[in-house]
Amino acid sequence: MKASLKKELIKARNGKYAVPAFNFDNLEMMKGIIEAAEEENSPVILMVTESAALYMGLDNVFAFSLSATNKAKIPVVLHWDHGFDIELIKKAIDVGFSSVMLDSSLKPFNQNVKETLEVVEYARKNGVEVESEIGHVGGKEDDRNSSSNGYTDITEALEFEKLTQIDALAIAIGTSHGLFKGEIKLQFDLLEELNQKIKTPLVLHGSSQVPLEDLKKAISLGITKINIGTDLKIACANGIKDWFEKNEKGYDARKYGRSAIDFVKAEAIKKIRAFNSNNKGR
Ligand code: 13P
């Protein structure tokens, strides 16, 4: 069933867990995510990035992700992730997404505020919720590469929260998007202070490849939404490779597709259990 981002995140904060936010790039990944969440009875945030949506075709994504969201037995927040193009964000709002993220985090503070306000105003009119980012989580996010990694500044974050009234705030505390992250050293002191001062639920991007113990600690210090993209892409690819290793002459897309679904599902279940969101769905 379709759920509200903010309500799920506040429930998570009170219940000391984080809602897993998984990216999907194809139907197999989407099915693996939903099957995992249903089996574990976990709320889930089903996310599509702008470039993944353009790859699948906007109308296709809108049709199949909305129907999967409405039919699911657990709360599903259908979320537009890393929106850079405000017109596309507005389309996702019009079509019925639960929430949208605007990523203007590399722009100057005032520009980030201005663009976030434009999205907030449009979203509010349509009963849709908004996530925005302050500080910058760098790395490889789909087709975009950003080498800069700017930790969130507490004063800026407070000002941003006051000016924009967003529903979820993505912060930068040392993760980065993609596979190659170098040494991962999360700034837990910064997170603790942000959590004490910021009322808006806090989001961690770039969480693939981060040790689960670090993610658990981040949850204990206030993170309520954890974004996972790359680890599910790897699982999807491994599912297909594994099937072809066992079926060299195979060709049936439904069969190697099912293997991809199973691998994605297994990886999603690992994260769900680590984030302690299992048995919190109904
Ligand atoms: P990873 O690919 O590093 O998991 O990051 C995903 C993400 O933050 C999507 O918003």
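Criteria and thresholds
- Residues numbered from 1 in each chain as written.
- Predicted model: local features only at pLDDT ≥ 70, side-chain atom pairs only at ≥ 80, totals over all residues.
- Heavy atoms only, no water.
- Near = heavy atom within 4 Å.
- Helix = DSSP H or I, 4+ residues; strand = E, 2+ residues; numbered from the N terminus.
- Nonpolar A, V, L, I, M, F, W, Y, C, P; charged D, E, K, R; others polar.
- Buried < 20%, exposed > 50% of the residue type's maximum accessible area, 1.4 Å probe, protein only.
- Polar contact = N/O pair within 3.5 Å; in protein donor to acceptor, adjacent residues only side chain to side chain.
- UniProt positions renumbered as here; feature names shortened; annotations may be inferred.
- Phe/Tyr/Trp six-rings, centres within 6.5 Å; stacked < 30°, edge-to-face > 60°.
- Pairing = 2+ DSSP bridges.
- Axes fitted to C-alpha atoms, helices over the stretch in contact; angles between N-to-C directions.
- Contact = heavy atoms within 4.5 Å.

The name given to the protein in an unreviewed UniProt entry is Class II fructose-bisphosphate aldolase, with the source organism recorded as Spiroplasma gladiatoris.

**Student:** What should I look at first to understand the site of the ligand in this one?
**Tutor:** Surrounding the ligand, one finds 16 residues, the nearest of these being D81, G206, S208, G229 and T230. Taken together, the elements giving at least two residues each to the shell around the ligand come down to strand 3 (76-83) and strand 10 (223-228). Across the shell around the ligand, the residue classes break down as one nonpolar, twelve polar and three charged.

**Student:** Just checking my understanding: could you explain helix 5 (residues 86-95) for this structure?
**Tutor:** The periodicity of an α-helix, 3.6 residues per turn, causes residues three or four places apart in sequence to face the same way. For helix 5, the complete set of buried residues consists of I86, L88, I89, K90, A92 and I93. For helix 5, the N-terminal capping position is held by D85, with its side-chain oxygen 2.8 Å away from the main-chain nitrogen of E87. Count one or two residues on from helix 5 and you reach G96, which has phi positive near 115°.

**Student:** What am I meant to see in the UniProt feature "active site" (unreviewed entry) in the protein here?
**Tutor:** Under the UniProt annotation, the feature "active site" (unreviewed entry) is placed at D81. The topology assignment puts D81 in strand 3. Relative accessible area serves as the criterion here: at 1%, D81 is assigned to the buried category.

**Student:** Could you clarify how one ought to interpret the packing of aromatic side chains in this entry?
**Tutor:** Aromatic ring pairs: the centre-centre distance and the angle between the two ring planes describe each pair. By the definition in use, this model includes eight aromatic pairs. Between F24 and F64 the ring centres are 6.3 Å apart and the planes differ by 50°, which places this aromatic pair in the tilted class. Taken together, the residues span a long stretch of sequence, with F24 in the loop between strand 1 (19-23) and helix 2 (27-40) and F64 in helix 4 (residues 58-71) at a distance of 40 residues. F24 sits in the buried class, given a relative accessible area of 0%. Measuring from ring centre to ring centre gives 6.0 Å for W243 and Y256, while their planes differ by 55°; the resulting arrangement is tilted. Here the residue W243 occupies a position in helix 10 (residues 230-246), and Y256 occupies one in helix 11 (residues 253-274), the gap between them amounting to 13 residues.

**Student:** Quick question: what am I supposed to make of the sheet that holds strand 8 (residues 168-171) here?
**Tutor:** Strands belonging to one sheet form pairs held by backbone hydrogen bonds; the direction of such a pair is parallel or antiparallel. Spatially, eight strands are ordered 1-2-3-4-5-8-9-10 in a closed barrel, and the strand pairing comes out parallel. Each strand of the sheet is rotated relative to its neighbour by a mean of 25°, with strand direction disregarded. Of the pairings in the sheet, the one linking strand 2 (residues 44-49) to strand 3 comprises six bridges and is parallel in character. Among the inter-strand pairings, V48 is bridged to a residue of strand 3, identified as W80. The sheet strands contacting helix 1 (residues 5-15) are strand 1, strand 2, strand 3, strand 4 (99-102), strand 5 (129-134), strand 8 and strand 10, and the helix crosses strand 10 at an angle near 115°. Contacting strand 4 and strand 5, helix 6 (residues 109-125) runs over the sheet at an angle of about 170° to strand 5.

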